[in-house]
Amino acid sequence: MLRRLLLTLLCLPVLTLPLPAPGQDVGVESLRQTARAFSAVARKAAPSVVFIQVEGTAQEAPMEETLAWPFHDDLFRRFFGEDFPGLTPRRQSPRQPRRAIGQGSGFVFAGSQDSTYILTNSHVVEDASRIRVRFQDGREFDARVRGTDPKSDVAVLEIAAHGIPALKWGDSARLEVGEWVVALGNPFGLSHSLTAGVVSAKGRTSLGINDYEDFIQTDAAINPGNSGGPLLNLDGEVIGVNTAIFSRSGGYMGIGFAIPSNLARTIAEQILTQGRVIRGMIGLTVQPLTREIAEALGLRDQRGVLVNQVGAGSPAEAAGLRAGDVLVSFDGTPLADGGQYRNRAAMARPGSTVVLGVIRDGRPLDIPVRVGRLDEAAVTGAQAVQALGLAVRALSPEEARRARVDKAVLVTAVERGSLAALAGIAPGSLILEVNRKPVGSPAEFAAALADAGSGMTLRLQENGRSRTVTLRWR
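Residues numbered from 1 in each chain as written. Predicted model: local features only at pLDDT ≥ 70, side-chain atom pairs only at ≥ 80, totals over all residues. Heavy atoms only, no water.

Q: Explain the overall build of the chain to me, using residue names and the numbers behind them.
A: The secondary structure content of the chain amounts to 11 helices and 26 strands. When the 474 residues of the chain are sorted by exposure, 45% land in the buried category. Contacts in the chain between residues far apart in sequence, at least 24 positions, make up 60% of those at least 6 positions apart. Counting only carbon and sulfur atoms, one obtains 53% of the accessible surface of the chain, whose full area is about 25,300 Å². (Helix = DSSP H or I, 4+ residues; strand = E, 2+ residues; numbered from the N terminus. Buried < 20%, exposed > 50% of the residue type's maximum accessible area, 1.4 Å probe, protein only. Contact = heavy atoms within 4.5 Å. Areas by Shrake-Rupley, 256 points an atom, 1.4 Å probe, with all protein chains shown as cover.)

Structure (structure tokens):
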């Protein structure tokens, strides 16, 4: 019996895996497969990517006539007069408008029976008097701006064409650090250039580029002219919109930033369907949860952000949130910093209900909040404080005595890359006045900011010395 079984097994067909041909390098073949993947992405996406040329107007600097005499100063005029040989009258011609040419990239993301819609960066088409888009096959169209959202740096263009394929959106939330990505665009006007790299990081906030930031960082080469072009995964799906670079020379240095597709798609679809972006509002001012604060609250780690202030009459106040709560999640998604909270609150649909995970007195709580609508024309004090990127608290009587001030608020935290940080405001600074109005509590500070509108003058005291800074927060 055993002998018959062995004979049966020996007679079965042998399954073999393909082996490299003699002399073939397995590593080289792997590289060829990677190259073929990049080529496939380019073939799939390139017909939907456009080169954008923008015409605008700029003012020439006043032109001053030059002098033939080598000693060009007013002393010569004073003693020898305007008619001295070799000295011609000094006149300034008026500023003359000139045509300014800009360029960028974009891609088709939607279409209708009569029109095709292109997504690009808001800064690419800012102040444009004429916009031309050119496709890979050479076709050119005049485009009009359907709508822009400078706060997220997204714009939608419309051209009178149909039947042009739209790129498919990918899910940027599923993107992983280390994944291959491809940037397609028109760097330095070199049409339809492809570069490849990996995702270096996700969730980059507080860079000071846009009001709402959640950037994908990539080492795929991005240069001037790439702005507005797609960042694609290996399936040819848009997972980001190339927006900015970090550079000391103006060119590629290995760090590029892209708006994640989930954010860009939400903004673009709102512009297309509503003509503008409507953002959610919860009404919290938050600050970083430092190690010292976490220890004082008896927390084991620094997860989340600290609620510094709850806006009066806000959805957060109605839901029962309090200053001192530690906000750790937004609808089940963990929060690492204030930028993430701000983005998710803004993208929440007004009228919907979100669940905020907080830690209060060491106990975890889930608090449902009905999202309000952010009226960006009427800014509240809490929003102004959030926009400045700092947190404050009142001084104790002993602190006020030592600082020799009657009223002031103490800066306890400053968000990296914020307006406050760029102005040199640091934790430990005292804010004495807002637009010459003394402030002595967080509520007074927020109210003064709300009254100030979009710009303000702050009088500070730092290391016993007073200084004044002027800020514009939007």
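Q: Pulling in residues and values, what's your account of the environment of Q287?
A: Looking at the secondary structure, you find Q287 in strand β14 (residues 284-288). You can call Q287 buried: its relative accessible area is 6%. Considering only alpha carbons, one finds Q287 and V307, 20 residues apart in sequence, at a separation of 6.6 Å. Among residues more than four places away in sequence, those in contact with Q287 are I293, V305, L306, N308, A391, T412 and A413.

Q: Can you lay out helix α4 (residues 261-274) for me, pointing to particular residues and giving the numbers?
A: Between its first and last C-alpha, α4 extends 19 Å over 14 residues, near the 20 Å set by a 1.5 Å rise per residue. Buried within α4 we find S261, L263, A264, I267, A268, Q270, I271 and L272. Phi turns positive, to about 80°, at G275, one or two residues after α4. (Expected span 1.5 Å × (residues − 1).)

Q: Explain the pattern of salt bridges to me, and be specific about the residues and the numbers.
A: Opposite charge on two side chains permits them to pair, given that their charged atoms come into close proximity. Taken as a whole and judged by the stated rule, the model has 22 salt bridges. One salt bridge in this structure joins R36 and E29, with 3.1 Å as the shortest N-O distance. On the accessibility criterion, E29 (23% relative accessible area) is partly exposed. For D142, the salt bridge identified is with R130, shortest N-O distance 3.1 Å. (Salt bridge = Lys/Arg side-chain N within 4 Å of Asp/Glu carboxyl O.)

Q: Break down the packing of aromatic side chains for me, citing the residues and quoting the values.
A: How two aromatic rings sit relative to each other is given by the distance of their centres and the angle of their planes. Per the counting criterion, the structure on display carries six aromatic pairs. Against the face of F135 rests R139, its NZ or CZ located 5.7 Å from the ring centre. (Phe/Tyr/Trp six-rings, centres within 6.5 Å; stacked < 30°, edge-to-face > 60°. Lys NZ or Arg CZ within 6 Å of the ring centre and 35° of its normal.)

Q: With reference to specific residues and values, describe the nonpolar core.
A: F107, F109, L119, V156, W169, L232 and I259 are the most contacted members of the largest nonpolar core, which has 28 residues in total. Elements that contribute at least two residues to this core include exactly α2 (26-45), β2 (97-111), β3 (116-120), β6 (154-159), β7 (180-185), β11 (238-245), β12 (256-260) and α4. With six residues, the top contributor of residues to this core is α4. Residues within four places of L119 in sequence aside, it is in contact with G106, F107, F109, V154, A155, W169, G228, V241, A264 and A268. (Core = buried A, V, L, I, M, F, W, Y, C linked by side-chain atoms within 4.5 Å.)

Q: Could you give an account of the environment of R132, naming the residues involved and the relevant values?
A: Tracing the backbone through its elements, the reader meets R132 in strand β4 (residues 130-134). With 27 residues separating them in the primary sequence, R132 and I159 have C-alpha atoms 9.4 Å apart. Look past the residues within four positions of R132 in its chain and what remains in contact with it is F51, I52, Q53, E140, F141 and D142. A polar contact is formed between the side chain of R132 and the side chain of E140, at a distance of 3.0 Å. In this structure the side chain of R132 is engaged in a polar contact, spanning 3.4 Å, whose partner is the side chain of D142. (Polar contact = N/O pair within 3.5 Å; in protein donor to acceptor, adjacent residues only side chain to side chain.)

Q: Would you mind going over the confidence of the model for the chain in detail, with residue names and values included?
A: Residues of the chain with pLDDT of at least 70 account for 79%, and the chain-wide mean is 81. Confidence, read as mean pLDDT per element, is least for helix α1 (residues 2-11) in the chain (42) and greatest for β3 (97). Counting interchain partners and residues more than four positions distant, the pLDDT-below-50 stretch residues 5-17 has zero contacts. Confidence over residues 59-92 falls short of pLDDT 50; this stretch has 44 contacts with residues more than four positions distant or in other chains. (pLDDT = per-residue confidence, 0-100.)

Q: Give me the lowdown on the pairing of β11, citing residues and values where you can.
A: Summarising burial for β11: seven of the eight residues are buried, a large majority. Relative to β11, strand β10 (residues 230-232) is paired through three bridges, and the arrangement is antiparallel. Note that in β11 the partner of L232 across the bridge is V238. Two strands pair when backbone bridges link them, and β11 and β12 are joined in this way by five bridges, in the antiparallel orientation. (Pairing = 2+ DSSP bridges.)

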